[in-house]
Amino acid sequence: VIRHPHEKEYLQAVYEFLDSLGDLVDSDSSITENNMIRRMVEPDRIISFKVIWEDDQGVNQVNTGYRVQFNQALGPYKGGIRFHPTVNQSILKFLAFEQTFKNSLTNLPLGGAKGGSDFNPKGKSDQEILRFCRAFMTELYTYLGPDLDIPAGDIGVSSKAVGYMFGMYKRLTHRHHGSFTSKGITYGGSLVRPQATGYGLVYITEALLKTYFDTSIQGKSFVVSGAGNVAIHTASKIISLGGMVKGMSESYGMIHHDKGIDIELLSSIKDKNQTLDQYLNTYSDAIYTDNPKDLWKIPVDIALPCATENELDLEDVKTLHQNHVMAILEGANMPTTLEATHYLIQNKIPFVPGKAANAGGVTVSGLEMQQNAMHVTWDFDTVDQKLKQVMHQIFYRLHEESLRLNNPYDLVKVANILSFKKVYQAMIEQGL
Ligand code: NDP
């Protein structure tokens, strides 16, 4: 707190992590003797730079760009790029810290990183986004490469923006290699990558329902926050498995359709950059409010926060609990506040943290890197099956460990301990 007084998101992520490690640190004195906590919470390096780009009026605009290369113990740095006006160093440090341990849980040989800019792609023309991506990459490219650091997309970075950044990377380096994931299919991307985080979240939800309730997604009701990449693919998969999504949201509001959201309509509204109130033009029996948090008031079996950090707070989880929610799984990164997380654990509501629940995206990114290295392309079903297998493995490892610790309702602690142990061992063995 003294060293990073203004970095509240980063401190929140580190605090949650250390909170889980208390017993382990008490029982294993080598962690303290090796000064391992201090060594692990500090990023390897932070690259910060000015991005100057020309808008459609010919005016030079300036944004700040970042790449936080957090930890390289398990493999090259890996993590997405976010373009959003709220981006700052604290948010990227928290995301890169989380990414390090998420990647550890997937068992892929990947370190952790995250990058981005306070550039707002909303309302920008295609040419402005292209010029911004080129300017951003001009500053960043020397720090990237297939054995060094491999970015992907995140909030505000569509596959089109990934293509623009990768194209500029190639112009600057004269190399076509797997230095990005989430690439387009025509130039080295993997099938299932766009769907991966959402599908992965649903696969882990399936495993949870089977394990805790001996039931399936069929006939269950859901709310899914957000209406972006993760949320839309999550909702589509739920519907294809016989579940019903009763509500979804965006920054400006939320839509509640008790008969079940028409995901094709919702997704076509978002594709046209319209707001969710347009849904009412087709379904007059749906309800739109201009408060995204109203989503959590809809009584459902399962809640999946898939939008952004700290969107689900204590009041929201109390409401969900009163409405008999069975489980909550995080599609977004750190969408649940610390107080809300503690409440869920204390009240024995099965809760899977993002580190595990949204690891599907990086899992298929890892599969994309494997395909690029081998110069092969796997078909949709092959990638999808591998994704499902990894997500189930993550869940069953967490569940087994939680039973071993006699604490089946604290998967946060278990995810943190398991991911920590692997990074710890790799750092010790390499003297990092
Ligand atoms: P997108 O930019 O595609 O979508 C984000 C969505 O969230 C938008 O619909 C946005 O609405 C909505 N939103 C933003 N703030 C709020 C809010 N306060 N309440 C309700 N809705 C809100 O991003 P992604 O889907 O890619 O990412 C979502 C989350 O998942 C992030 O936390 C990201 O880090 C995480 N994640 C993403 C992965 C991926 O593969 N894409 C992988 C792992 C994690 P609007 O358009 O109105 O702003």
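Criteria and thresholds
The residue count restarts for each chain, going from 1 along the sequence in the order it is written. Per-residue local features of the predicted model are confined to residues with pLDDT of at least 70, and side-chain atom pairs are confined, for both listing and counting, to 80 or more; whole-chain, interface and lining totals are unaffected and use all residues. Runs of H or I in DSSP of at least four residues are treated as helices and runs of E of at least two as strands, each being numbered from the N terminus. The quantity called the radius of gyration is restricted to C-alpha atoms. Its globule counterpart is 2.2 Å times the number of residues to the power 0.38. Buried means a residue has 20 or more other C-beta atoms within 10 Å of its own C-beta, exposed means 12 or fewer, and partly exposed covers the counts in between; C-beta atoms are placed from the backbone. Contacts here follow a simple rule: the backbone-placed C-beta atoms of the two residues must lie within 7 Å. Strand pairing is assigned whenever DSSP detects at least two bridges linking the two strands. For every element, the axis is a line fit to its C-alpha atoms; helices are fit only across the contacting stretch, and the angle between N-to-C directions ranges from 0 to 180 degrees. UniProt positions are given in the numbering used here, feature names are shortened, and annotations may be inferred rather than shown by experiment. Per the annotation, domain bounds derive from an automatic or database assignment of domains. Taken from the helix axis, the directions to the C-beta atoms give the arc we talk about. By definition, a residue lies near a molecule or strand provided its backbone-derived C-beta atom is within 6 Å of it. Charged residues are taken to be Asp, Glu, Lys and Arg, nonpolar residues to be Ala, Val, Leu, Ile, Met, Phe, Trp, Tyr, Cys and Pro, and polar residues to be all remaining types, Gly included. For this entry, the nonpolar core is defined as buried Ala, Val, Leu, Ile, Met, Phe, Trp, Tyr and Cys residues connected by C-beta atoms within 7 Å. A helix's residues, less one, multiplied by 1.5 Å, set its expected span. An angle below 35 degrees is treated as roughly parallel, one above 145 as roughly antiparallel, one from 65 to 115 as roughly perpendicular, and anything else as oblique. In this scheme, a crossing is called left-handed if the near helix is turned counterclockwise away from the far one by less than a right angle; it is called right-handed if the turn is clockwise.

(A) Looking closely at the overall build of the chain. Helices and strands together make up the secondary structure of the chain, namely 15 helices and twelve strands. For the chain, the C-alpha radius of gyration of 21 Å lies close to 22 Å, the compact-globule estimate for 432 residues. Taken over the C-alpha atoms alone, the chain extends approximately 60 × 55 × 45 Å along its principal axes. Taken across its 432 residues, the chain has 49% of its residues classed as buried. Looking at the chain alone, contacts between residues at least 24 apart form 73% of all its contacts between residues at least 6 apart.

(B) A look at the sheet that holds strand E7 (residues 244–250). Taken in spatial order, the seven strands make up an open sheet running E9-E8-E7-E6-E10-E11-E12, and their pairing is mixed. The open sheet has two edge strands, strand E9 (287–289) and strand E12 (351–352), and neither has a second partner. Where strand E10 (residues 302–304) and strand E11 (residues 327–329) come together, two bridges link them in parallel fashion. The partner of Ile 302 across the bridge, within E11, is Ala 327. Against the sheet, helix H7 (residues 196–213) touches E10, E11 and E12, its axis set at about 150° to E11.

(C) Layout of the UniProt feature "active site" (unreviewed entry) in the chain. According to UniProt, the "active site" (unreviewed entry) feature falls on Lys 114. Here Lys 114 lies in strand E4 (residues 112–117). On the basis of neighbour count, Lys 114 is assigned to the buried category, with 30 C-beta atoms found within 10 Å.

(D) Summary view of the domain arrangement of the chain. By the assigned domains, the chain splits into domain 1 (43–177) and domain 2 (196–352). Put simply, the middle of domain 1 and the middle of domain 2, counted by C-alpha atoms, are 28 Å apart.

(E) Expanded view of helix H9 (residues 263–271). When H9 is considered as a whole, its buried residues turn out to be Ile 263, Leu 266 and Ile 269. One side of H9 holds all its buried residues, which, seen down the axis, span an arc of 125°. In H9, the exposed positions angled more than 90 degrees off the buried face are occupied by Glu 264, Ser 268 and Asp 271. The secondary structure elements touched by the buried residues of H9 are helix H8 (229–240) and E7.

(F) Here's a closer look at the site of the ligand. Taken together, 26 residues sit near the ligand, with Gly 226, Gly 228, Glu 250, Ala 332 and Gly 361 positioned nearest. Of all the elements in the fold, those that place two or more residues in the shell around the ligand are H8 and E7. For the shell around the ligand, the leading source of residues is H8, giving three residues. Looking at the shell around the ligand, its residues break down into nine nonpolar, 14 polar and three charged.

(G) Local environment of the nonpolar core. Judged by nonpolar contacts, the single largest core of 97 residues is most densely connected at Ile 204, Met 248 and Ala 356. Among the domains, domain 1 (43–177) and domain 2 (196–352) are the pair contributing at least three residues each to this core. In this structure, Ala 356 is in contact with Leu 105, Ile 204, Ile 394, Phe 395, Leu 398 and Ala 415, ignoring residues within four places of it in sequence. Judged by nonpolar contacts, the second largest core, of 24 residues, contains Phe 83, Phe 119, Val 157 and Tyr 169.

(H) Representation of the UniProt feature "site: Important for catalysis" (unreviewed entry) in the chain. UniProt's entry tags Asp 154 with the feature "site: Important for catalysis" (unreviewed entry), counted in the numbering of this structure. Position of Asp 154 among the secondary structure elements: in the loop between strand E5 (149–152) and helix H6 (159–173).

(I) View of H7. Between its first and last C-alpha, H7 extends 25 Å over 18 residues, near the 26 Å set by a 1.5 Å rise per residue. Taking burial as the measure, the 18 residues of H7 include 13 buried ones, the bulk of the element. In the segment just after H7, Asp 214 is the residue with positive phi, at about 45°.

(J) View of the pairing of strand E2 (residues 60–71). Relative to E2, strand E1 (residues 45–54) is paired through ten bridges, and the arrangement is antiparallel. Within E2, the position partnered with Trp 53 by the bridge is Gln 61. Note: E2 against E4, six bridges, orientation antiparallel. From the neighbouring strand, Tyr 66 faces E4, where its bridge partner is Gly 116.

(K) Molecular detail of unusual backbone geometry. Notably, Asn 310 is not glycine yet its phi reads approximately 55°, a positive angle. Note that Asn 310 resides in the loop between E10 and helix H10 (314–322). Judged by C-beta crowding, with 16 C-beta atoms within 10 Å, Asn 310 ranks as partly exposed. With a phi close to 60°, Asn 406 is a non-glycine residue in the positive phi region. For Asn 406, the location among the structural elements is in the loop between helix H14 (380–404) and helix H15 (411–430).

(L) Structural detail: the packing of H7 against H14. Relative orientation of the contacting elements H7 and H14 amounts to 45°, with a least axis distance of 9 Å. In terms of their interaxial angle, H7 and H14 are classed as oblique. Crossing of H7 over H14 shows right-handed handedness. On H14, the residues that touch Ala 196, Tyr 199, Gly 200, Tyr 203, Ile 204, Ala 207, Leu 208 and Thr 211 of H7 are Asp 384, Leu 387, Lys 388, Met 391, His 392, Ile 394, Phe 395, Tyr 396 and His 399. Looking at the contact of H7 with H14, its residues break down into eleven nonpolar, four polar and two charged.

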